[in-house]
Amino acid sequence: MRLILLGAPGAGKGTVAKLLTAIDGSVQISTGDILRAAVKAGTELGKKAQTAMTAGELVSDDLIMGIMGERLLEDDCKAGFLLDGFPRTIPQAEALKELLAKLNIELDGVVNLNVPREVILDRLTTRRTCVDCGAIYNVKSNPPKEGGKCDACGGAVVQRDDETEEAISKRLDVFNEQTAPLAGFYEGKGMLWDINATSSDVVVGTIQANLKG
Ligand code: ADP
Ligand code: ZN
């Protein structure tokens, strides 16, 4: 499958993407994960992205399109892909459209994950992430079995430094201003699948039903 996953921070894009990869071998492409890995590795890209990320602001469209232009050429994308956290602005969506046309790739749809704001706030403040493999935990509903250690890889499970209250509130504002308009953009193209996203399993079921048409 080839899908864009749209939704506020904490809407469950990453969780849903991971469930979908298990169905048909499509790869999850998370620009947030790619950027965090670059920051951790201290690459040029990481240095350019770090300040905006810590503040909860967006990294420049140019930087993001550079990453995605290369990523979509990689072999593993042939099995399909789930774009998680990209596009995030109208210019990115326009640039993606051109890129896909050039590569002769057609999307199956754009999934819009709708989650009430209270649920989002609660999820983000209780979310914890493995610094090594990106696995997602929750201090209330899904803590690692051994305190602070990832079940999958043993890495440290921590609160992301853009998950302070201040950065979360900034990320939600940025989402409302710059990313939420993408739903209308794709709806106008007849590509939007609007899904009520309180349960990830229900989301996956709805996506599978939509794919079968
Ligand atoms: P979220 O939980 O907010 O969806 P992500 O892991 O997707 O978090 O992104 C973390 C940060 O990385 C964002 O706040 C932003 O600074 C940067 N980022 C990720 N994807 C993009 C993108 N497509 N365009 C601009 N900035 C991005
Ligand atoms: Zn891990």
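Residues numbered from 1 in each chain as written. Chains lettered and ligands numbered in written order. Predicted model: local features only at pLDDT ≥ 70, side-chain atom pairs only at ≥ 80, totals over all residues. Heavy atoms only, no water.

The protein goes by Adenylate kinase in an unreviewed UniProt entry, where it is assigned to endosymbiont of Escarpia spicata. The record held by UniProt for the protein lists under Subunit (unreviewed entry) the comment "Monomer." Quoted verbatim from the Pathway (unreviewed entry) heading of the UniProt record, the comment on the protein is "Purine metabolism; AMP biosynthesis via salvage pathway; AMP from ADP: step 1/1." (UniProt positions renumbered as here; feature names shortened; annotations may be inferred.)

Novice: What's the story with the sheet that holds strand β6 (residues 136–138) in this structure? I'm lost.
Specialist: Strands belonging to one sheet form pairs held by backbone hydrogen bonds; the direction of such a pair is parallel or antiparallel. With antiparallel pairing, the 3 strands of this open sheet are ordered in space as β6-β5-β7. Edge positions in the sheet fall to β6 and β7 (157–158), since each has one partner strand and no second. Strand direction decides the pairing type here: strand β5 (residues 127–130) and β6, joined by 3 bridges, are antiparallel. The residue bridging R128 from the neighbouring strand is Y137, located in β6. (Pairing = 2+ DSSP bridges. Helix = DSSP H or I, 4+ residues; strand = E, 2+ residues; numbered from the N terminus.)

Novice: What should I look at first to understand the side chain of D84 in this one?
Specialist: By secondary structure assignment, the location of D84 is in strand β3 (residues 81–84). Nearest to the buried, unbridged D84 among oppositely charged side chains is K13, at 4.9 Å. Beyond its immediate sequence surroundings of up to four residues, D84 is in contact with K13, G14, Q28, I29, S30 and T31. (Buried < 20%, exposed > 50% of the residue type's maximum accessible area, 1.4 Å probe, protein only. Lys, Arg positive; Asp, Glu negative; His and termini not counted. Salt bridge = Lys/Arg side-chain N within 4 Å of Asp/Glu carboxyl O. Contact = heavy atoms within 4.5 Å.)

Novice: Sorry if this is basic, but what is going on with the packing of aromatic side chains here?
Specialist: Note on aromatic pairs: each is described by the distance of the centres and the angle between the planes. The final tally for this structure, using the stated rule, is 1 aromatic pair. Relative to Y186, the ring of F185 lies with its centre 4.9 Å away and its plane at 90°, an arrangement referred to as edge-to-face. Accessibility assignment for this pair places F185 and Y186 in one class, buried. The residue whose ring lies beneath K189 is F185, and the NZ or CZ to ring-centre distance is 4.5 Å. (Phe/Tyr/Trp six-rings, centres within 6.5 Å; stacked < 30°, edge-to-face > 60°. Lys NZ or Arg CZ within 6 Å of the ring centre and 35° of its normal.)

Novice: Hey, could you run me through the UniProt feature "binding site: AMP" (unreviewed entry) in the protein in this one?
Specialist: What UniProt calls "binding site: AMP" (unreviewed entry) maps, in this numbering, to T31, R36, E57, L58, V59, G85, F86, P87, R88, Q92, R160 and R171. The greatest C-alpha distance among the annotated residues, which extend across 141 residues, is 24.7 Å, indicating that they are dispersed rather than converging on a single site. Of the annotated residues named above, the ones that line the second largest pocket are R36 and R160. Following the sequence through the fold, L58 ends up in the loop between α3 (44–55) and α4 (61–71). What makes L58 partly exposed here is its relative accessible area of 25%. With sequence-adjacent residues up to four places away left out, L58 is seen in contact with A52, R88, T89, V174 and Q178. Apart from the residues within four sequence positions on either side, R88 is in contact with L58, Q178, T179 and L182. (1 Å grid on protein atoms, 1.4 Å probe; cavity = no way out; pocket = protein on both sides within 12 Å on 5 of 7 lines; lining within 4 Å.)

Novice: Quick question: what am I supposed to make of unusual backbone geometry here?
Specialist: Most peptide bonds take the trans configuration, and most residues that are not glycine carry a negative phi. Of note, the amide linkage connecting F86 to P87 takes the cis form, showing an omega dihedral of -5°. With respect to the helices and strands, P87 occurs in the loop between β3 and α5 (90–103). For N104, which is not glycine, the phi dihedral falls at a positive 60°. Secondary-structure assignment places N104 in the loop between α5 and β4 (109–114).

Novice: Explanation requested: the site of ligand 1 in the structure shown.
Specialist: Among the 19 residues in the neighbourhood of ligand 1, the closest are listed as T31, R36, E57, R127 and R171. For ligand 1, an oxygen atom lies 2.5 Å from a polar atom in the backbone of E57. V59 places a main-chain nitrogen or oxygen 3.1 Å from a nitrogen atom of ligand 1. When ligand 1 sits alone it has 550 Å² of accessible area, and the protein chains cover 97% of it. Of the residues assigned to the shell around ligand 1, the class counts are 7 nonpolar, 4 polar and 8 charged. (Near = heavy atom within 4 Å. Polar contact = N/O pair within 3.5 Å; in protein donor to acceptor, adjacent residues only side chain to side chain. Areas by Shrake-Rupley, 256 points an atom, 1.4 Å probe, with all protein chains shown as cover. Nonpolar A, V, L, I, M, F, W, Y, C, P; charged D, E, K, R; others polar.)

Novice: Would you mind showing me how to read the pairing of β5 here?
Specialist: Across a regular strand the side chains alternate sides, sitting on one face of the sheet and then on the other. Of the two faces of β5, the one lined by R127 and T129 and the one lined by R128 and C130 are each fully buried. Where β5 and β7 come together, 2 bridges link them in antiparallel fashion. Counted as the bridge partner of T129 is V158 from β7.

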